[in-house]
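Each chain, written out:
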Amino acid sequence: MLVVFAKRYSLEYVRGHHWFTWDLFAAFINGLLVSLIFFVKFRETRAAAALHKAEADRHLLSKQAIEAELKLMQAQVEPHFLFNTLASVQYLTETSPKEASALLGHLIDYLRAALPQLRASSTTLGKEVELVEAYLNVLKMRIGGRLGFVIDIPPELKAHPFPPNLLISLVENAIKHGIEPAAAGGAVTIAAHRDAESVIVSVTDTGRGLAAGSASTRQGFGLSNVRERLAALYGARGRFTLETVAPHGARATLALPYEPAQ
């Protein structure tokens, strides 16, 4: 009886030892798999973070390149505008000194608004409107009765942040491709309003419109620059549209994210 009991005890001990070894091995494998999963997730997280950083750096470089391109464009356009205006002042000093004085005053207002913008990375909608108004006053004296304009900006939006020289690019485009080619000229309306989480700014002209042959011209370098700047500054939150206005004319519209006053 004693011998049989010893054998059964030895057999149960061996079987228990076998299961203990298997459990230990299974625990090791499970731990290894869990560690491997965490390692893979960690690698994926690091790769995603590196990708986001690279994307952010790319957007920053794109923004800087667009801003540099804007500065170059301003350096090329501003002298042309100034020389033409000064030539008009010189002509008026001989034919109508009173008008020459008024035009020179508008030019001074324009320079006072424009020069700080050349080195600014951001400004406000109100300051951009001041620049546009001075610019249109100068052009109105040069073009005469062929140009009219209306500015309708709510006071509460004048302090809203706005990219420098973005608004005047739309106004210049409306004058160059809408008003000047039209025999009767036309009017330009600059308006803004808040729509939910966006600020909508539009430039509408009653000029030639987007007729065949002029639509592609209207969407040249200037408006391409507007689209690229919006994409670099705001991503999908910034929108730009250009559409026909009945019975004739066109409307350029900017949609920017609304930023509450701090």
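Residues numbered from 1 in each chain as written. Predicted model: local features only at pLDDT ≥ 70, side-chain atom pairs only at ≥ 80, totals over all residues. Heavy atoms only, no water.

1. A closer look at the overall build of the protein
Step number 1: Helix and strand counts for the protein come out as 6 helices and 7 strands.
Step number 2: Across the protein, helices and strands are ordered from the amino to the carboxyl terminus as α-α-β-α-β-β-α-β-β-α-α-β-β.
Step number 3: The proportion of buried residues among the 262 residues of the protein is 35%.
Step number 4: Within the protein, contacts between residues separated by at least 24 positions form 70% of all contacts whose residues are at least 6 apart in sequence.
Step number 5: Surface exposure of the protein reaches about 16200 Å², of which carbon and sulfur atoms provide 63%. (Helix = DSSP H or I, 4+ residues; strand = E, 2+ residues; numbered from the N terminus. Buried < 20%, exposed > 50% of the residue type's maximum accessible area, 1.4 Å probe, protein only. Contact = heavy atoms within 4.5 Å. Areas by Shrake-Rupley, 256 points an atom, 1.4 Å probe, with all protein chains shown as cover.)

2. Regarding the nonpolar core
Step number 1: Formed by 45 residues in total, the largest nonpolar core has its most connected members in Leu125, Leu167, Ile190 and Phe240.
Step number 2: Examining the composition of this core, we find that 10 residues originate from one element, helix 3 (residues 125-143), more than from any other.
Step number 3: Residues in contact with Leu125, not counting those within four places in the same chain, are Ile153, Leu157, Lys158, His160, Phe162, Leu167, Ala192 and Val201. (Core = buried A, V, L, I, M, F, W, Y, C linked by side-chain atoms within 4.5 Å.)

3. Some thoughts on the confidence of the model for the protein
Step number 1: Across the protein, the average pLDDT comes to 77, with 70% of residues at or above 70.
Step number 2: The least confident element of the protein, judged by mean pLDDT, is helix 5 (residues 215-218) at 50; the most confident is strand 5 (residues 198-205) at 95.
Step number 3: A low-confidence stretch, residues 1-7 (pLDDT under 50), is modelled with 0 contacts involving residues beyond four sequence positions or located in other chains. (pLDDT = per-residue confidence, 0-100.)

4. Concerning the packing of aromatic side chains
Step number 1: Scanning all chains against the criterion turns up 0 aromatic pairs.
Step number 2: The ring of Tyr258 carries the charged tip of Arg194 above its face, separated from the ring centre by 3.7 Å. (Phe/Tyr/Trp six-rings, centres within 6.5 Å; stacked < 30°, edge-to-face > 60°. Lys NZ or Arg CZ within 6 Å of the ring centre and 35° of its normal.)

5. As for helix 4 (residues 166-179)
An α-helix turns once per 3.6 residues; consequently, residues spaced three or four apart project the same way.
Step number 1: With 14 residues, helix 4 should reach 20 Å at 1.5 Å per residue; the first-to-last C-alpha distance of 19 Å fits that figure.
Step number 2: Along helix 4, 12 of the 14 residues are buried, which leaves the element largely enclosed by surrounding structure. (Expected span 1.5 Å × (residues − 1).)

6. Focus: unusual backbone geometry
Step number 1: At the junction of Ala246 and Pro247, the peptide bond is cis and its omega measures out at 0° in the coordinates.
Step number 2: By the secondary structure assignment, Pro247 is in the loop between strand 6 (239-244) and strand 7 (250-257).
Step number 3: The phi angle at Asn165 is positive, at roughly 65°, despite the residue not being glycine.
Step number 4: Relative to the helices and strands, Asn165 resides in the loop between strand 3 (161-162) and helix 4.

7. Comments concerning a nonpolar patch on the surface
Step number 1: Where nonpolar side chains cluster on the molecular surface, the patch consists of Ile29, Leu32, Leu33, Leu36, Phe39 and Val40 and spans about 520 Å² of accessible area.
Step number 2: Among the secondary structure elements, Phe39 is positioned in helix 1 (residues 2-95). (Patch = residues over 30% accessible without salt bridge, like charges linked within 9 Å, V, L, I, M, F, W, Y side chains within 5 Å. Salt bridge = Lys/Arg side-chain N within 4 Å of Asp/Glu carboxyl O.)

8. Overview of the pattern of salt bridges
Step number 1: Under the criterion given, the structure shown has 2 salt bridges.
Step number 2: Across the salt bridge formed by Arg194 and Glu197, the nearest N and O atoms sit 3.9 Å from each other.
Step number 3: By relative accessible area, which is 55% here, Glu197 ends up exposed.
Step number 4: Here Arg251 ties to Glu243 by a salt bridge, and the two come within 3.6 Å at their closest N and O atoms.
Step number 5: What makes Arg251 partly exposed here is its relative accessible area of 28%.
Step number 6: Residue Glu243 is classed as partly exposed on the basis of its relative accessible area, which comes to 35%.

9. A closer look at the packing of helix 2 (residues 97-114) against helix 3
Step number 1: Their axes nearest at 8 Å, the elements helix 2 and helix 3 cross at an angle of 155°. By the angle class used here, helix 2 and helix 3 are roughly antiparallel. The handedness of the crossing between helix 2 and helix 3 is left-handed. Contacts between helix 2 and helix 3 involve Glu99, Ala102, Leu103, His106, Leu107, Asp109, Tyr110, Ala113 and Ala114 from the former and Glu130, Leu131, Ala134, Tyr135, Asn137, Val138 and Met141 from the latter. (Axes fitted to C-alpha atoms, helices over the stretch in contact; angles between N-to-C directions. Parallel < 35°, antiparallel > 145°, perpendicular 65-115°, else oblique. Left-handed = near helix turned anticlockwise from the far one by under 90°.)

10. As for the pairing of strand 6
Step number 1: As defined by bridge partners, strand 6 adjoins strand 7 across 6 bridges and the pair is classed as antiparallel. Bridging from a neighbouring strand, Phe240 pairs with Leu254 of strand 7.
Step number 2: In this structure, the hairpin formed by strand 6 and strand 7 is closed by a connection of 5 residues, where Gly249 is found at a positive phi of approximately 125°. (Pairing = 2+ DSSP bridges.)

11. What about the environment of Glu243?
Step number 1: Along the chain, the position of Glu243 falls in strand 6.
Step number 2: The sequence separation of Glu243 and Thr204 amounts to 39 residues, and the corresponding C-alpha distance is 9.5 Å.
Step number 3: The contact partners of Glu243, leaving out residues within four places of it in the chain, are Leu210, Gly249, Ala250, Arg251 and Thr253.

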